[in-house]
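The lines below spell out each chain.
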Amino acid sequence: MRRRLAVAAALLTFVTVALGASDQTPPPLRLVEVPSKAANAVFLTGAPGEPNRLYIVDKVGLVRVTERGKVRAKSFLDVRASITAGGEQGLLGLAFDPRYARNRLFYVAYTSSGGANVVARFRSNGAVAIPSSRKILLSEQDPYGNHNGGNLAFGPDGKLYTSIGDGGSGGDPENRSQNMSSRFGKLLRLDVQRAGAKWEIPALGLRNPWRFSFDRRTGDLWIGDVGQGEIEEIDFVKRGTTELLNFGWDVYEGTRSFEDKPLGPGKLVQPVYEYRHDVGCSVIGGYVYRGRAIARVAGRYFFGDYCSGTIWSLRLVGGRAVDVRSESVRVPGLASFGEGPAGELYLTSDNGPVYRLAG
């Protein structure tokens, strides 16, 4: 009898603990500061074949390296003498060639001292960039100082993608975004493996896609396109899409009509999510979380807002954003998200600090 009572008590304790555990709310996300020494960290990424290094883009014109929690004394790249920095200008983007471990090639985007939006290729010796290896792949003279885009990313097709925004000012005054004869307001891509390849335009109708990313697992494309005066938007393109796409600007701002004129070529793609300026003012596109440290948020797309510092995440089901939620962490002056070598997410601030997202 005593033995039966003991077994029953043990079972009751197990069930109680199990039920209690299932009712527990998951712990909130938190931020862990990462050493960077950056004055204005605007991006972070990793390089193929280097699991312990983080490369941090400082808008002033430096790329710094943090390895195992320590910042390397010597910068990986220094282009301060070649750029204009301040406001929306400076060293803005960095992408390593998928074959970097063998060919040591990488790509940067910056606004030049002459006022052009530039994409340049460099080679490194494995530790630092070789300045004399620079080759200019794109140079577009910018009529204004804002809306420079500057993101760089390799897609699942092995091509290099970038965007330089609509050229700046407000309301796209020269109607560049819907004009296929202009590279402004377009998503651009280049086959860097093919000698003599030209930049292609897979999409138009963008205002200032400051940050976009490819899901490292599915290859789908996510874009955070900064709005004009009312609406910030998140756009989504499924991997394998081959037709010309049109994101609508400046005929539309988000899903709202902005200017009464004909839409340019391409299939109209409207946002999967948008928010108005009562909750923020400048969207910062992010990444789908594919790391291992926070299993409970796997597959969620993270993004945020520069003005409010709010961080959101969402899931996409049937082409619609669902379960959109404001996360527990906040980053004042949020400048960018970044993805480390293992898929962990990082957040940078224009005030300098760099953070890793943690559970």
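Thresholds applied
Residues numbered from 1 in each chain as written. Predicted model: local features only at pLDDT ≥ 70, side-chain atom pairs only at ≥ 80, totals over all residues. Heavy atoms only, no water. Helix = DSSP H or I, 4+ residues; strand = E, 2+ residues; numbered from the N terminus. Rg over C-alpha atoms; globule rule 2.2 N^0.38 Å. Buried < 20%, exposed > 50% of the residue type's maximum accessible area, 1.4 Å probe, protein only. Contact = heavy atoms within 4.5 Å. Areas by Shrake-Rupley, 256 points an atom, 1.4 Å probe, with all protein chains shown as cover. Lys, Arg positive; Asp, Glu negative; His and termini not counted. Charge placed at Lys NZ, Arg CZ, Asp CG, Glu CD. Disulfide = S-S within 2.5 Å. Pairing = 2+ DSSP bridges. Core = buried A, V, L, I, M, F, W, Y, C linked by side-chain atoms within 4.5 Å. Phe/Tyr/Trp six-rings, centres within 6.5 Å; stacked < 30°, edge-to-face > 60°. Lys NZ or Arg CZ within 6 Å of the ring centre and 35° of its normal. Axes fitted to C-alpha atoms, helices over the stretch in contact; angles between N-to-C directions. Polar contact = N/O pair within 3.5 Å; in protein donor to acceptor, adjacent residues only side chain to side chain.

**Observations regarding the overall build of the chain**
In terms of regular secondary structure, the chain is built from 2 helices and 29 strands. At 22 Å, the chain has a C-alpha radius of gyration in line with the 21 Å of a compact globule built from 359 residues. In terms of principal-axis extent, the alpha carbons of the chain reach across some 90 × 50 × 35 Å. Burial status across the chain gives 54% buried among its 359 residues. In the chain, the share of contacts with a sequence separation of at least 24, taken over all contacts with a separation of at least 6, comes to 52%. By element, 50% of the accessible surface of the chain is carried by carbon and sulfur atoms, the whole surface being about 15900 Å². For the chain, the separation between the mean place of its 46 positive charges and that of its 36 negative charges on side chains is 11 Å.

**Things to note about the state of the cysteines**
Note on terminology: a disulfide is the covalent bond linking the sulfur atoms of two cysteines. With the rule as written, the count across this model stands at 1 disulfide. Note that C281 is cross-linked by a disulfide to C307, the S-S spacing being 1.6 Å. With a gap of 26 residues between them, C281 in the loop between strand 22 (273-276) and strand 23 (283-288) and C307 in the loop between strand 24 (301-305) and strand 25 (310-317) connect regions that are remote in the sequence. On the basis of relative accessibility, which here comes to 29%, the residue C281 falls in the partly exposed class.

**Comments concerning the pairing of strand 13 (residues 187-190)**
Inspection of the sheet shows strand 12 (residues 160-162) paired to strand 13 by 3 bridges, in the antiparallel sense. Pairing of Y161 across the sheet is with R189, part of strand 13. Of the pairings in the sheet, the one linking strand 13 to strand 14 (residues 200-204) comprises 2 bridges and is antiparallel in character. Pairing of R189 across the sheet is with E200, part of strand 14.

**Focus: the nonpolar core**
Of all hydrophobic cores here, the largest spans 54 residues; its most connected members are F76, L77, L94, F106, V108 and F302. Grouped together as the second largest cluster of nonpolar side chains are 14 residues, A95, A109, V119 and L138 included.

**Description of the packing of aromatic side chains**
Considering all chains together, one arrives at 16 aromatic pairs under this definition. Plain terms: the ring middles of Y55 and F96 are 4.6 Å apart, the flat faces sit at 55° to each other, and that makes the pair tilted. Here Y55, found in strand 3 (residues 53-58), pairs with F96, found in strand 7 (residues 91-96); they are 41 residues apart in sequence, far enough to count as distant. As far as burial versus exposure is concerned, Y55 and F96 are alike and both buried. Positioned above the aromatic ring of W210 is the side chain of R211, whose terminal nitrogen or guanidinium carbon lies 3.8 Å from the ring centre.

**A few points about the sheet that holds strand 17 (residues 231-237)**
Strand-to-strand pairing in sheets goes through backbone hydrogen bonds, with the strands running parallel or antiparallel. Sheet architecture is open: 4 strands sit in the order 15-16-17-22, paired in antiparallel fashion. With one partner strand each, in any of the chains shown, strand 15 (211-214) and strand 22 form the two edges of the open sheet. Each strand of the sheet is rotated relative to its neighbour by a mean of 10°, with strand direction disregarded. Relative to strand 17, strand 16 (residues 221-225) runs antiparallel, the two sharing 5 bridges. Bridging from a neighbouring strand, L221 pairs with V237 of strand 17.

**Quick notes on the sheet that holds strand 14**
Ordered in space as 11-12-13-14-18-21, the 6 strands form an open sheet in which the pairing is mixed. Strands with a single pairing partner mark the edges of an open sheet, and in this sheet they are strand 11 (152-154) and strand 21 (267-268).

**A look at the side chain of H147**
In this structure, H147 sits in the loop between strand 10 (129-141) and strand 11. Relative accessible area serves as the criterion here: at 4%, H147 is assigned to the buried category. Of note is the side chain of H147, whose polar atom sits 3.2 Å from the side chain of R207. With sequence-adjacent residues up to four places away left out, H147 is seen in contact with E88, I164, G165, D166, G167, G168, S169, R207 and N208.

**Quick look at the pairing of strand 9 (residues 116-124)**
Among the 9 residues that make up strand 9, 7 are buried, leaving the element largely enclosed by the rest of the structure. Two strands pair when backbone bridges link them, and strand 8 (residues 105-111) and strand 9 are joined in this way by 7 bridges, in the antiparallel orientation. Looking at strand 9, one finds that T111 is bridged to N117. Joining the antiparallel neighbours strand 8 and strand 9 is a turn of 4 residues, in which G115 adopts a positive phi near 85°. Bridge count between strand 9 and strand 10: 8 bridges; the pairing is antiparallel. Residue pairing in the sheet places V118 in a bridge with S139 of strand 10. Counting the residues that bridge the hairpin from strand 9 to strand 10 gives 4 residues, and of these G126 lies at a positive phi of roughly 100°.

None of the figures reported here should be taken as evidence of function without further support.
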